[in-house]
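# Tertiary structure, described
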Amino acid sequence: MEISNQKISEDAFFAERKEVLGQWHTGRDIDFDEAVAYQKSIPAEKRFGAKLQKATEERRTLIQPRAGVALPEEHKKLLQFLETEGEADLLPTTVDSYTRLNRYHEAETGIEKSKETNRSMLNGFPIVNYGKTICRDVTSALKSPVQVRHGTPDARLLTEISIAGGFTSYEGGGISYNIPYSKSHSIEKTIAHWQYADRLVGLYEEAGVSINREPFGPLTGTLIPPCISNSVAVLETLLAAAQGVKDITVGYGQCGNLIQDVAALHTLNVLTRDYLDKYGYQDVRVTTVFHQWMGGFPQDEAKAFGVISWGAAAAALAKATKVIVKTPHEAMGVPTKEANAAGLRATKQVTSMLRDQDFRTVPAVLEESEIISTEMHCILGKVEELGRGDYAVGTVAAFEAGVLDIPFAPSRYNAGKAMPARDNVGAVRLLDMGALPLSKDIVDFHRRKLEERAAFENRPVSFQMVIDDVYAIGKGFLVGRPR
Ligand SMILES: CCC[C@H]1O[C@@H](n2cnc3c(N)ncnc32)[C@H](O)[C@@H]1O
């Protein structure tokens, strides 16, 4: 299929929309003008992008959980509990796994079973099966803005119903919700699907309704070098802006070394702004999100709070606009509302205490920022070259060439050659560059940092370091030292 980074024409969009809205019966009562009017009835204090902008002006780091259960009344009560007992500034609606794979019949079964057993038999809220009316009943019952969080390669219908249903923010992208989530969705296909989603947001923007969009920052959440996740975030930002998106939150998943984490988020913010301005998108607003540790969690709840607080501290010191909060039940599965609220309050305590501290100009952070910025320019420059200036074409070619390569991703379209390992202070470095187009200086830098660790551990730089690092966190460590 031919893809390009051109704005989809209205004719082409509305022709495709007929097919999209016919994918499930709830799509039939979606009317664009009626949904625009409904969105315009949502007050400013409940609009996601507005609250993010306010936080930027007030130099606050907002807190947001993940949360989603099968039945509407329970989901509503859960979110009300999280904004009152959890003091959440922003709310989610995490969508269930069947919906993420467009398996609406199985989601329907999950709803029926949940009603029979009065337990959530889905791991999230099945937005498509419920449709706009039930979604409006949920979103209008809350005081805070609500965002849809999911992991859907083909999210076209989900986008339609989410926005018509009163959600004012929407996570995901054609790369970040494909490569880490799916084995065999082609990149061309998911980029095209997400251009549809972003074009829809662009049409709402043109009608006077701003919807916040958030590429999924952490990717596989396992030892992802900042230059890789940051480059994907910038690419999804450019693809979204081309379709008319005006409000974007770019994100990064905590890796655990404070200097590197602060530098990564700061560099992401700066370069996203630079690239948008370079291509004439000065009117696109940029905010940032820091994801607390996405790797394995300790079972012990007190230790889990240690990990959560560490993520809260890094987010606050990086001056992230918002932080996505984990729970002390992370190692067990879908958390209780009490555990979810406790993770939020622990996070709020730390972000409030650190509100007046800013680590972005610490010399070591500036040095790390320089490294990440250089790496991102190497990668993004090669993507632009491969696409002859078209970032959609370039992205597809970059994955084929391994120029974009996401460690530990299940996708068969991902090269899987770039291999990360931690250096002696826990920063994520590259053990094997794969085909990442990094300069010799950068390659030498990574090697030097890994050699430092090898000397300290009295063992050669090897793949064993990667294995040890993957298992380290569950054992309470960052660097996987030899036994
Ligand atoms: C990429 C997101 C993975 C994270 O998303 C959390 N997550 C998934 N589904 C729910 C849910 N229904 N309620 C609260 N947290 C949830 C997992 O724990 C994991 O950390």
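Up top is the structure these notes are about.
Right, let's walk through the structure included here.

Thresholds, definitions, all that
Residues numbered from 1 in each chain as written. Predicted model: local features only at pLDDT ≥ 70, side-chain atom pairs only at ≥ 80, totals over all residues. Heavy atoms only, no water. Salt bridge = Lys/Arg side-chain N within 4 Å of Asp/Glu carboxyl O. Helix = DSSP H or I, 4+ residues; strand = E, 2+ residues; numbered from the N terminus. Buried < 20%, exposed > 50% of the residue type's maximum accessible area, 1.4 Å probe, protein only. Phe/Tyr/Trp six-rings, centres within 6.5 Å; stacked < 30°, edge-to-face > 60°. Lys NZ or Arg CZ within 6 Å of the ring centre and 35° of its normal. Arc of directions from axis to C-beta. Near = heavy atom within 4 Å. Polar contact = N/O pair within 3.5 Å; in protein donor to acceptor, adjacent residues only side chain to side chain. Areas by Shrake-Rupley, 256 points an atom, 1.4 Å probe, with all protein chains shown as cover. Nonpolar A, V, L, I, M, F, W, Y, C, P; charged D, E, K, R; others polar. Pairing = 2+ DSSP bridges. Core = buried A, V, L, I, M, F, W, Y, C linked by side-chain atoms within 4.5 Å. Contact = heavy atoms within 4.5 Å.

### A few points about the pattern of salt bridges
When their charged atoms lie close together, side chains carrying opposite charge are able to pair. Enumeration over the complete set of coordinates arrives at 38 salt bridges. Across the pair Glu-206 and Lys-7 runs a salt bridge whose closest N-O atoms are separated by 3.2 Å. Placement of the pair is Glu-206 in helix α9 (residues 187-206) and Lys-7 in the segment before α1 (10-21), with a sequence separation of 199 residues. In this structure Glu-206 comes out as partly exposed when scored by relative accessible area, which is 46%. Arg-213 is the partner of Asp-198 in a salt bridge, and the nearest nitrogen-oxygen pair spans 2.5 Å. Note that Asp-198 is positioned in helix α9 and Arg-213 in strand β5 (residues 212-214), a separation of 15 residues in sequence. For the pair shown, Asp-198 and Arg-213 are each scored as buried. What emerges from the salt-bridge pattern is a single network uniting Arg-453, Glu-457, Arg-459, Asp-468, Asp-469 and Arg-481.

### Observations regarding the packing of aromatic side chains
Evaluation of the coordinates by the stated rule reveals 12 aromatic pairs. Seen from their ring centres, Phe-13 and Phe-14 are 5.2 Å apart, and the 90 degrees between their planes marks the pair as edge-to-face. Here Phe-14 falls in the partly exposed class, since its relative accessible area comes to 30%. Each residue in the set Tyr-170, Tyr-177, Tyr-181, Trp-194 and Phe-216 is aromatic and connected to the rest through ring pairs, giving one cluster. Of note, Arg-136 hangs over the ring of Tyr-38, and the distance from its end group to the ring centre comes to 4.0 Å. For the cation-ring pair, Lys-337 lies above Phe-81, with the distance from its terminal atom to the ring centre recorded as 5.1 Å.

### What to know about helix α17 (residues 463-472)
Regarding α17, the residues found buried are Met-465, Val-466, Asp-468, Asp-469 and Ala-472. The buried residues of α17 occupy one face: seen down the axis, they fall within an arc of 170 degrees.

### Quick word on the site of the ligand
Taken together, the neighbourhood of the ligand is formed by Arg-66, Ala-67, Gly-68, Thr-94, Asn-123, Tyr-181, Phe-216, Met-294, Lys-326, Glu-330, Val-334 and Pro-335. Residue Gly-68 places a main-chain N or O atom 3.0 Å away from a nitrogen atom belonging to the ligand. The contact in question runs from an oxygen atom of the ligand to an N or O atom on the side chain of Lys-326, over 3.2 Å. Surface burial for the ligand is 77%, taken as the share of its 450 Å² of free accessible area covered by protein chains. For the shell around the ligand, a count of residues per class yields 6 nonpolar, 3 polar and 3 charged.

### Thoughts on the pairing of strand β2 (residues 91-94)
When a strand is regular, its side chains alternate between the sheet's two faces. Here β2 shows no split at all, with Leu-91 and Thr-93 on one side and Pro-92 and Thr-94 on the other all buried. The sheet contact formed by β2 and strand β3 (residues 146-149) spans 4 bridges and is parallel. The residue of β3 that forms the bridge with Pro-92 is Gln-147.

### A closer look at the nonpolar core
Nonpolar side chains tend toward joint burial in soluble globular proteins. Ile-127, Tyr-204 and Ile-406 are the most contacted members of the largest nonpolar core, which totals 128 residues. No other element matches the 11 residues that helix α10 (residues 226-242) contributes to this core. Apart from residues no more than four positions distant in its own chain, Tyr-204 is found in contact with Phe-32, Ala-35, Val-36, Gln-39, Ile-163, Ala-164, Val-209 and Ile-211. The next biggest cluster of nonpolar side chains, apart from the first, holds 8 residues, and it includes Met-419, Ala-421, Leu-450 and Met-465.

### Considering the side chain of Thr-272
Counting through the fold element by element, Thr-272 comes out in helix α11 (residues 258-278). Residue classification places Thr-272 among the buried positions, given a relative accessible area of 1%. When neighbours within four sequence positions are excluded, Thr-272 is seen to be in contact with Val-234, Thr-237, Val-250 and Val-286.

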